[in-house]
Amino acid sequence: MTPPEDLSRRDFLKGGSLATVMGMLGGVEVIAQPEPAQPEPPAAPTTQVKCAVVGCGVWGRELVSTLSRIPTARVAALCDKYPAFLKRASRLAPDAKPIEDYKQVLADKEIKAVIVATPSHQHKTVALEALQAGKHVYCEAPMAHTLEDAKAIALAARNSPRLHFQVGLQYRSDPQRPFVLNFIRSGATGKTVMARSQWHKKQSWRFTAPDPEREKEVNWRLDPQLSPGLVGELGIHQIDCATWFLGARPMAVSGLGSVMLWNDGRTVPDTIQALFEFPDGVRYQQACTLANSFDSDYEAFYGSDAALLIRGSKAWMFKEADAPALGWEVYAKKETFYKETGIALMLGASKQQALTENAVQETAKPTALQHALTNFLRNANDLGVAAEDFIASFGEDDPKALLEHLAAVPRQPGAGYREGFEATVLALKANEAITTGRRVELKPEWFELA
Amino acid sequence: MKTPGILAPALLLAVAFTAQAADGATQYTAKPGSKMRIEGTSNVHDWLVEGKIIGGNLELGFDPAKVAPGKAAAKATVTVPARSLKSINKDGTPYNAKMDDIMCGLLLEQPIKFALTELTVKEAKAGEPVAVEAKGDLTVAGQTKPISFPAKLTAGADDKLTVSGTAATKMTDFGIKPPEPLGLGIKTGDDVKLVFDWVVGKKKA
């Protein structure tokens with residue numbers, strides 16, 4: 001049986017795309033123009049990138065599953081030291097070679113890219129060695145469970161300009177996000193006054209295991225020494241979005257957390273609130289809980305003229321009555337929202353999935369994760385062939401020119417080491433504020449990559 | 001190993017002489033700094049594609065600073081990897097990865113090649129670029145056609161030479177049907193211009 005945790009992070013990242021927003025009225029849907037149907041290009045390059053997924057837990061398997069839907073991905077190897085995880089992942093990528101030791105993956109010259117989906121505290125070892133082995137790296141977020149490890153990864157990525165390094169902050173790759181951001185940047189929402197996000201899901205975060213040793217290992221998220229907490233494991237995506245949209249780095253963070261439901265001896269809170277203080281008095285509030293699923297997840301940005309609500313790849317704008325007319329909104333699609341009054345009783349389907357035909361159509365769209373992995377593979381391939389072509393034409397006598405050439409290679413959107421590091425620092429410091437109950441002033445030097 | 005200072009000028013002189021081939025021709029090889037641009041049209045807007053890699057070799061049987069008008073001894077082979085060409089906006093920023101894919105597909109993922117067969121010096125004045133007319137065989141998408149175009153040879157620093165020019169051609173000359181992207185009535189024009197600045201440097205021994 002698939003454990004309920006199988007739905008957690010995946011649902012967080014795509015569940016929000018379902019159009020079941022409750023308790024609001026008259027939203028103007030803000031949605032990017034769908035890309036027109038493209039004709040099949042004649043003999044279009046479909047260069048596949050041989051890649052490996054290291055870490056085949058719940059999220060690692062979600063990555064494998066997503067990669068299986070991407071034409072440019074060729075999952076050549078799956079790696080996990082736990083045979084049961086490896087076996088489950090192999091069902092999703094039967095042609096991939098199952099390998100228990102990640103060093104064997106890195107030694108395979110044919111594998112060009114490595115997707116690091118191990119527990120967060122193991123990212124550093126795998127990511128650094130992968131870069132040293134000349135692999136393009138997709139490192140899941142958070143980059144690490146400590147600032148030191150995150151910095152070491154970011155510096156290694158910065159010092160590997162011939163390799164593409166991307167962090168698993170997939171909202172950065174979703175074309176809908178920059179489209180929505182334009183409404184803030186253009187002033188359509190007025191003066192930004194505050195922001196808020198939430199991630200709500202009822203699940204334990206605890207996995208069962210055949211023996212105590214494995215039980216401890218698989219439940220690293222409940223180990224206060226290793227766990228970045230809810231804010232680090234899940235909230236980091238929304239923190240990254242908030243700093244991106246607000247266009248600033250917060251100056252301080254405070255927070256509170258408690259074990260409200262899952263009293264199984266854990267000390268890692270199952271319910272948290274964090275408050276980030278941005279310049280000009282703007283505050284961003286984040287709430288995450290494992291104790292209640294009401295209203296799922298969203299981000300909201302509030303301006304003096306309008307509020308923006310984002311759920312996964314959908315967004316709505318709610319204008320104030322005294323906001324100036326923009327003109328186009330007269331013709332825009334509008335959705336009337338309503339308060340949830342009941343629960344759809346359908347086995348195996350979330351209440352959101354059960355509601356409308358539109359909801360079903362939404363799930364068929366590429367997810368933010370699909371965009372992120374597609375872009376990662378594209379960038380890895382483009383950077384690789386750019387280096388090959390340059391060296392074949394000019395040799396390696398002029399490394400400066402090679403680096404300049406590679407720096408100019410167009411990249412598809414994705415979170416780089418800088419964005420990943422910034423978000424990781426913020427998430428880890430927010431977790432520190434939550435676990436200590438102290439307000440943490442965010443020192444600029446924590447964000448420096450010396 | 002340290003080179004005694006007194007030997008350094010002698011070594012440089014030796015290198016300069018070895019760059020001059022035994023038959024008097026000077027060998028050049030491609031250097032970074034090149035630019036190849038394809039300019040095209042459509043019934044919606046013009047389009048641009050650009051690459052920074054032009055590989056190959058050039059052999060000149062004359063000194064560009066002293067050459068006189070008339071036919072000149074020269075050989076050249078030029079290669080532009082198709083996958084290095086990227087669509088751009090007028091300001092040079094990337095345009096669209098899908099267009100890159102379509103174009104790379106149209107080129108059958110094969111490099112654009114040019115082999116020089118004849119070079120005629122049209123005008124040569126001291127201190128100015130040498131104006132030439134180049135003839136040769138252009139290979140696009142695996143099909144080869146003769147082509148001629150005007151170009152200029154400009155001497156640069158560090159024994160570098162830039163060959164600049166514009167060659168007009170048609171997609172259909174090379175068996176390429178002008179694409180109609182998006183299926184919305186958009187049609188690209190058959191005519192394209194290849195605008196290039198090819199930087200070469202004297203080969204070292």
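A word on the overall build of chain B. Of the regular secondary structure elements, chain B holds 2 helices and 12 strands. Counting helices and strands in the order they occur from the N terminus, chain B gives α-β-β-β-β-β-β-β-α-β-β-β-β-β. When each of the 205 residues of chain B is scored for burial, the buried share is 43%. Taking as baseline every contact in chain B between residues at least 6 positions apart, the subset at least 24 positions apart corresponds to 58%.

Here the focus is the pattern of salt bridges. The final tally for this structure, using the stated rule, is 31 salt bridges over all chains. Among the salt bridges present, the one from A:Arg221 reaches A:Glu233, with a minimum N-O distance of 3.1 Å. Of this pair, A:Arg221 sits in the loop between α8 (212-218) and α9 (229-246) while A:Glu233 sits in helix α9; the two residues are 12 residues apart in sequence, bridging distant segments of the chain. Both residues of the pair, A:Arg221 and A:Glu233, belong to the buried class. Between B:Lys170 and B:Asp191 there is a salt bridge, with the nearest N and O atoms lying 2.7 Å from each other. Taken together, the residues B:Lys170 in strand β11 (residues 160-170) and B:Asp191 in strand β12 (residues 188-202) connect sequence positions 21 residues apart. Residue B:Lys170 is classed as partly exposed on the basis of its relative accessible area of 34%. Look at the salt bridges and you will find they share partners, linking A:Arg206, A:Glu215, A:Asp264 and A:Arg266 into a network.

Residue and element names in this part refer to chain B. For chain B, the mean per-residue pLDDT works out to 87, and 87% of the residues sit at or above 70. Here residues 1-22 scores under 50 on pLDDT; set against residues more than four positions off or in separate chains, the count is 10 contacts. With a pTM of 0.85, the predicted complex shows an ipTM of 0.85.

Below, the discussion takes up α9(A). Residue and element names in this part refer to chain A. With 18 residues, α9 should cover 26 Å at 1.5 Å per step; its first-to-last C-alpha distance of 24 Å lies within 8% of that length. Of all 18 residues in α9, 18 are buried, a share of seventy percent or more. Following α9 by one or two positions, Gly 247 adopts a phi angle in the positive range, close to 65 degrees.

The next thing to look at is the pairing of strand β10 (residues 271-277) of chain A. Residues and elements named next belong to chain A. With 5 of its 7 residues buried, β10 lies for the most part within the structure. Relative to β10, strand β9 (residues 252-258) runs antiparallel, the two sharing 7 bridges. Opposite Leu 256, over in β10, you have Gln 273 as the bridge partner. Sheet topology places β10 next to strand β11 (residues 283-289); 7 bridges connect them, and they run antiparallel. Within the sheet, the bridge partner assigned to Ile 272 lies in β11 and is Cys 288. A loop of 5 residues connects β10 with β11, the two strands running antiparallel in sequence, and Asp 280 in this loop sits at a positive phi of about 65 degrees.

Bringing the sheet that holds strand β6 (residues 136-139) of chain A into the picture now. All names here are of chain A. Taken in spatial order, the 6 strands make up an open sheet running β4-β3-β2-β5-β6-β7, and their pairing is parallel. Here the strands that pair on one side only, and so sit at the sheet edges, are β4 (97-99) and β7 (165-167). If you compare each strand with its neighbour and ignore which way they point, the axes differ by 20 degrees on average. With 6 bridges joining them, strand β2 (residues 49-54) and strand β3 (residues 73-79) adopt parallel strand pairing. Looking at β3, one finds that Val 49 is bridged to Ala 73.

What counts, and where the lines are drawn
Residues numbered from 1 in each chain as written. Chains lettered and ligands numbered in written order. Predicted model: local features only at pLDDT ≥ 70, side-chain atom pairs only at ≥ 80, totals over all residues. Heavy atoms only, no water. Helix = DSSP H or I, 4+ residues; strand = E, 2+ residues; numbered from the N terminus. Buried < 20%, exposed > 50% of the residue type's maximum accessible area, 1.4 Å probe, protein only. Contact = heavy atoms within 4.5 Å. Salt bridge = Lys/Arg side-chain N within 4 Å of Asp/Glu carboxyl O. pLDDT = per-residue confidence, 0-100. Expected span 1.5 Å × (residues − 1). Pairing = 2+ DSSP bridges. Axes fitted to C-alpha atoms, helices over the stretch in contact; angles between N-to-C directions.

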